[in-house]
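Geometric and topological summary
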Amino acid sequence: MRGQYFTGDDWEFIHRLIPGVDRPGMFAPHNEHWLTLPLAVYKILFAVVGVRTYIPYMGVLLAVHVLVAHLLWRIMVRAGADLRVATALAGVFLVLGSGADNLTWAFQVGFVGSLAAGLGMVLAVLGNTRRRLAGAWLLGVISLMCSGLGPIMVATAGMTTLLRFGWRRAFLIVAAPAVVYAAWLLAFGIHNASPPLPRGQLGLIPDYVFTGVTSAAAGISGLRFVGALLLLPLTWWVIVRARHRADEAAVVALAAGTLLFFVVVGVGRIGLGVVESKENRYVYISAILLLP
């Protein structure tokens, strides 16, 4: 951490915080992502330490990363995992080298923040009370305001609710965050949407998803080929178990969220090539969605 400094998209954030003419506002998208909350973090730290040191920025990222690991552990335990296994997996996740981008680049606090709030939303929807409903709505909006991962995490929480309580409760869970996100899109984001992809590139989406999921499995397990093959029996086991245990609704929804994630990213990024799906920041996201 001592030798790190601002790079790449960090400077786009810093540019927004320097007084001047025609600078984007706090709600303007960055590469189509809604990043108001990460930008707010940068604004506070920029006011306190400026760009003299990168350490406080990295400190926030690592704190949110530890929170993600804790929430991941709670989901695994709630689904019935052995405490020792859940603790070991969460410990490995804490130092996941194959997801290095999200551990060493402060700008990624947006992605990590969306995941933290999204996992909190998944935990909240496992209960059926008004207080949990309000908490799920709040966490869903927070996830949306951190990055483009927000809609995927809200959808995952919705799938969890659907499997556990049915479609009426699921609709109620996603309704408020969906309205907030639609309002933001209309006000700020829809004018910055990417043009539709040519049909030839859309045909590459299945390859993008397959490559992304199998590469993530290999990165998580450390087994280049066997790791990908493990997905088949694990997927079958989860589906069979989900029929008998309602607490595993979150596990099934998170696994489905992995596919949804690569489909959504593929639509926006397939122009960069199928190999782009192997990015290590995607391994980090996939680890959270698949480890339970």
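Residues numbered from 1 in each chain as written. Predicted model: local features only at pLDDT ≥ 70, side-chain atom pairs only at ≥ 80, totals over all residues. Heavy atoms only, no water.

**Some thoughts on unusual backbone geometry**
Operational definition: Buried means the residue's accessible area, taken with a 1.4 Å probe over protein chains only, is under 20% of the maximum for its type, while exposed means over 50%, and partly exposed covers the values in between. Runs of E in the DSSP output that reach at least two residues are strands. Runs of H or I that reach at least four are helices, and both are numbered from the N terminus.
One non-glycine residue, Asn31, lies in the positive phi region at around 50 degrees. Under the relative-accessibility criterion, Asn31 is labelled exposed at 51%. Here the phi dihedral of Glu32 falls at roughly 75 degrees; this positive angle occurs in a residue that is not glycine. The topology assignment puts Glu32 in the loop between α1 (9-17) and α2 (36-49).

**Quick look at helix α4 (residues 83-94)**
For the record, the criterion: In this scheme, a helix's expected span is set at 1.5 Å multiplied by one less than its residue total. Whether two residues are in contact is decided by their heavy atoms, any of which lying within 4.5 Å being enough. Here a polar contact is taken to be a pair of N or O atoms separated by no more than 3.5 Å, where protein atoms must pair a possible hydrogen donor with a possible acceptor and residues adjacent in sequence count only if both atoms sit in side chains.
Between its first and last C-alpha, α4 extends 16 Å over 12 residues, near the 16 Å set by a 1.5 Å rise per residue. On its buried face, α4 is in contact with α3 (55-78) and α15 (280-290). Two to three positions downstream of the cap, the backbone nitrogen of Arg84 sits 2.8 Å from a side-chain oxygen, assigning the N-cap of α4 to Asp82.

**Some details on the packing of helix α11 (residues 205-221) against α15**
Helix-helix packing: each pair is described by the crossing angle between the helix axes and the interaxial distance. Here is the rule we go by: Lines fitted to the C-alpha atoms define the axes, with helices restricted to the stretch that makes contact. Angles between their N-to-C directions range from 0 to 180 degrees. We call two directions roughly parallel when the angle between them is under 35 degrees, roughly antiparallel when it is over 145, roughly perpendicular when it lies between 65 and 115, and oblique otherwise. When residue character is reported, Ala, Val, Leu, Ile, Met, Phe, Trp, Tyr, Cys and Pro are called nonpolar, Asp, Glu, Lys and Arg charged, and the others, Gly included, polar.
Across the interface, α11 lies against α15 with an axial gap of 9 Å and an inter-helix angle of 80 degrees. Relative to α15, the element α11 lies roughly perpendicular. Between α11 and α15, the contacting residues are Tyr208, Ala216, Gly219 and Ile220 on the first element and Tyr282, Val283, Ser286, Ala287 and Leu290 on the second. The residue inventory of the contact of α11 with α15, partitioned by class, reads seven nonpolar, two polar and no charged.

**A word on the nonpolar core**
Our working rule: Here, nonpolar core refers to any group of buried Ala, Val, Leu, Ile, Met, Phe, Trp, Tyr and Cys residues whose side-chain atoms link them within 4.5 Å.
Within the largest apolar cluster, 72 residues are counted, with the highest numbers of intra-cluster contacts made by Tyr42, Val68, Phe93, Tyr284 and Ile285. Setting aside residues up to four positions removed in sequence, Ile285 forms contacts with Asn102, Phe111, Leu115, Leu149 and Phe261.

**Observations regarding the side chain of Arg281**
Structurally, Arg281 can be placed in helix α15. For Arg281, a relative accessible area of 16% translates into the label buried. Here Arg281 is in contact with Asp101, Asn102, Gln108, Phe111, Arg269 and Glu276, once residues within four sequence places are set aside.

**Some points on the packing of aromatic side chains**
Stated precisely, the cut-off is as follows: Put simply, two rings from Phe, Tyr or Trp (the six-membered ring, in Trp's case) pair if the centres are within 6.5 Å, and we call them stacked under 30 degrees between planes, edge-to-face over 60, tilted for the rest.
All chains considered together, the criterion is met by 18 aromatic pairs. A centroid spacing of 5.5 Å and a plane angle of 55 degrees characterise the contact between Phe6 and Trp11, whose relative ring orientation is tilted. Looking at Phe6, the relative accessible area reads 6%, which means it is buried. Connected via pairs of aromatic rings, a cluster forms that spans Tyr5, Phe6, Trp11, Phe13, Tyr42, Tyr54, Tyr57, Trp105 and Phe107.

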